[in-house]
Amino acid sequence: MTTATATIGAVPTELARGRGGGGPAPMRIVVAYGFWIFILSDMVMFSALFAAYAVLSGHTAGGPTGPELFNLHNVFIETLCLLFSSYTCGLGALSVERRHPKRFLILAALTFVLGAAFLFIEFSEFAGMISQGAGPSRSAFLSAFFTLVGTHGAHVTIGLIWLIYLVAQFVAKGFRSAVLRRLLCFSLFWHALDIVWIGVMTLVYLMGVR
Amino acid sequence: MDRDDRLHYEDRTPGVEEYESGANVLSYTAGLGLAVLTTIASFVVAQTDMLWPPGIPVGLIVLALAQIGAHLVFFLHLGSGPDHTNNILALAFGILIVFLVIAGSCWIIVNLNANMMPISVR
């Protein structure tokens, strides 16, 4: 047993890559990999919703169509909100890595505000559509629209709640490695949501107004 | 060894040293710049006739893929380094499944639509 431990200790760290050679991979890499698998499974779920929307987008049942409902000006602002919040989230992860607690808190607050602005615009868009009688039960197109865009919005909402929870943990516990790994997972999640939004923006809004 | 150090020590698998990723402010800013550029390009392409109109959906898909690529490289820091081999393999598998689900659904449903009997209007 002592020999085994000594052997692991003697192997240079840069050889441990999570594929068996050079000993066990660092926990950070293992955790990020596991979370990456979760994100990919989430992407597979979104792909089913995208496929449903692509199939149903023409079936408006005589109701309002995409070009009548979508306001590209709002969508552009939403896109920029999400994009900049991804950027501040990345810089936040960087400031944690470099041990700048104050900078991290400011960037986390910016991430939260930009994400909340995105959600606010999205919810007011939904509310406007429902008040015009274009709710999810109006046509197959609108059911697919609300399911796809609403699921993305639900993910953003969960992300914001998670961010509050993580910042509270960070304030209470500081730069502890478990907290750092959770922040790493959160930034993966947040960037992945931005990637899903690129698909929503392109398929639903930009192709929808043509 | 104080309490916090011990926590750190026990929390780590063997072979863990200080973590230094390849990320820096410059790479995030480059990613942001590319993403903003491709976003603006997408909105311009969709709202003008700058591209040949029947080619606009293809142009939008290309711009979306370019932006996703920029996100993967500059925000998620996927690279060709040995640290990323497992992540890239998983991503390739994920892309395969996403492609099968979307392309397969569209293919099947378009076929079904084409083979439907005309619906008589009552």
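In every chain, residue numbers begin from 1 and rise along the written sequence. Note on labels: chains are lettered from A, ligands numbered from 1, in written order. Where local features are concerned, this predicted model is filtered to residues with pLDDT of at least 70; where side-chain atom pairs are given and counted, the filter is 80 or more; whole-chain, interface and lining totals use all residues.

### Here's the deal with the overall build of chain B
Secondary structure elements are taken from DSSP: a helix is a run of H or I of four residues or more, a strand is a run of E of two residues or more, and numbering for both begins at the N terminus. Across its full length, chain B holds four helices and zero strands. Ordered by position from the N terminus, the helices and strands of chain B form the series α-α-α-α. In this scheme the burial state of a residue depends on its C-beta neighbours within 10 Å: 20 or more other such atoms mean buried, 12 or fewer mean exposed, and anything in between means partly exposed; the C-beta positions come from the backbone. Burial statistics for chain B: of 122 residues in total, 20% are counted as buried. At a minimum sequence separation of 6, the contacts of chain B that also span at least 24 residues come to 55%. Whether two residues are in contact depends on their C-beta atoms, placed from the backbone: they are in contact if these lie within 7 Å.

### Here's the deal with helix α6 (residues 140–173) of chain A
It helps to recall that an α-helix has 3.6 residues per turn; residues three or four apart then point in one direction. All names here are of chain A. By this rule, a helix spans an expected 1.5 Å times one less than how many residues it contains. Between its first and last C-alpha atoms α6 spans 49 Å; for 34 residues at 1.5 Å apiece the expected length is 50 Å, and the two agree. Packing partners of the buried residues in α6 comprise α2 (27–56), α5 (101–131) and α7 (177–206). Just downstream of α6, G174 is the residue with a positive phi angle, here 80 degrees.

### Points about the confidence of the model for chain B
All names here are of chain B. The quantity called pLDDT is the predictor's confidence in a given residue, expressed from 0 to 100. Averaged over every residue, the pLDDT of chain B is 82; the share at 70 or more is 80%. Taken together, the stretch residues 1–18 has pLDDT below 50 and engages in 24 contacts with residues farther than four places along the chain or on a different chain. Overall fold confidence (pTM) sits at 0.85, and the ipTM for the predicted complex is 0.84.

### A short note on the confidence of the model for chain A
Detailed reading of the predicted model is not advised wherever pLDDT is low. On average, chain A scores 89 in pLDDT, and the residues at 70 or more come to 90%. Within the model, the stretch residues 1–11 of chain A combines pLDDT values under 50 with eight contacts to residues more than four positions away or in other chains.

### Examining the nonpolar core
Joined through C-beta atoms within 7 Å, a set of buried Ala, Val, Leu, Ile, Met, Phe, Trp, Tyr and Cys residues constitutes a nonpolar core. Of all hydrophobic cores here, the largest spans 67 residues; its most connected members are F50, Y53 and L148 of chain A. Secondary-structure elements contributing two or more residues to this core are α2, α4 (72–97), α5, α6 and α7 of chain A together with α2 (25–47), α3 (56–75) and α4 (85–114) of chain B. The element contributing the most residues to this core is α7 of chain A, with 15 residues. L148 of chain A has contacts with L49, F50, Y53, V200 and V204 of chain A, leaving out every residue within four places of it along the chain.

### Some points on the interface of chain B and chain A
Taken residue by residue, the interface counts 47 residues in chain B and 50 residues in chain A. Looking at the side of chain B that touches chain A, the elements with two or more residues in it are α1 (3–11), α2, α3 and α4 of chain B. Per-element tally for the side of chain B that touches chain A: the top contributor is α4 of chain B, with 13 residues. Residues were grouped as follows: Ala, Val, Leu, Ile, Met, Phe, Trp, Tyr, Cys and Pro as nonpolar; Asp, Glu, Lys and Arg as charged; and all remaining residues, including Gly, as polar. Taken together, the residues that form the side of chain B that touches chain A break down as 29 nonpolar, 14 polar and four charged.

### A look at the packing of α6 of chain A against α7 of chain A
Residues and elements named next belong to chain A. Put simply, α6 and α7 touch, their axes get as near as 10 Å, and they point 160 degrees apart. By the angle between their directions, the pair α6 and α7 is classed as roughly antiparallel. Handedness of the crossing formed by α6 with α7: left-handed. Partitioned by chemical class, the residues of the contact of α6 with α7 number 18 nonpolar, four polar and two charged. Axis lines are fitted through C-alpha atoms, for helices just across the contact stretch, and the angle between N-to-C directions can take any value from 0 to 180 degrees. In this scheme, roughly parallel covers angles under 35 degrees and roughly antiparallel covers those over 145, while 65 to 115 is roughly perpendicular and the rest are oblique. In a left-handed crossing the near helix is turned counterclockwise from the far helix by less than a right angle, and in a right-handed crossing that turn is clockwise.

### Focus on α3 of chain B
Given a rise of 1.5 Å per residue, 20 residues ought to cover 28 Å, and the 27 Å separating the end C-alpha atoms of α3 of chain B matches this to within 8%. Buried within α3 of chain B we find L60, L63, A64, Q67, A70, H71, F74 and F75 of chain B. Angularly, the buried residues of α3 of chain B cover 120 degrees about the axis, an arc narrow enough to put them on a single face. Along its buried surface, α3 of chain B packs onto α4 and α7 of chain A together with α2 of chain B. Positive backbone phi, at 55 degrees, marks H77 of chain B, one or two positions downstream of α3 of chain B. As used here, the arc is the angular range of directions from the helix axis to the C-beta atoms.

### Quick notes on the environment of W190 of chain A
By the secondary structure assignment, W190 of chain A is in helix α7. In contact with W190 of chain A, other than residues within four places in its own chain, are S86, C89 and G159 of chain A.

### Quick notes on the environment of S27 of chain B
Structurally, S27 of chain B is set in helix α2. For S27 of chain B, a count of 17 C-beta atoms within 10 Å gives the class partly exposed.

### Describing the packing of α4 of chain A against α5 of chain A
All names here are of chain A. Remark: α4 packs on α5, axes separated minimally by 8 Å, with the N-to-C direction vectors making an angle of 160 degrees. Our classification of the angle between α4 and α5 gives roughly antiparallel. As α4 packs across α5, the resulting crossing turns out to be left-handed. Partitioning the contact of α4 with α5 into residue classes produces 15 nonpolar, seven polar and four charged.

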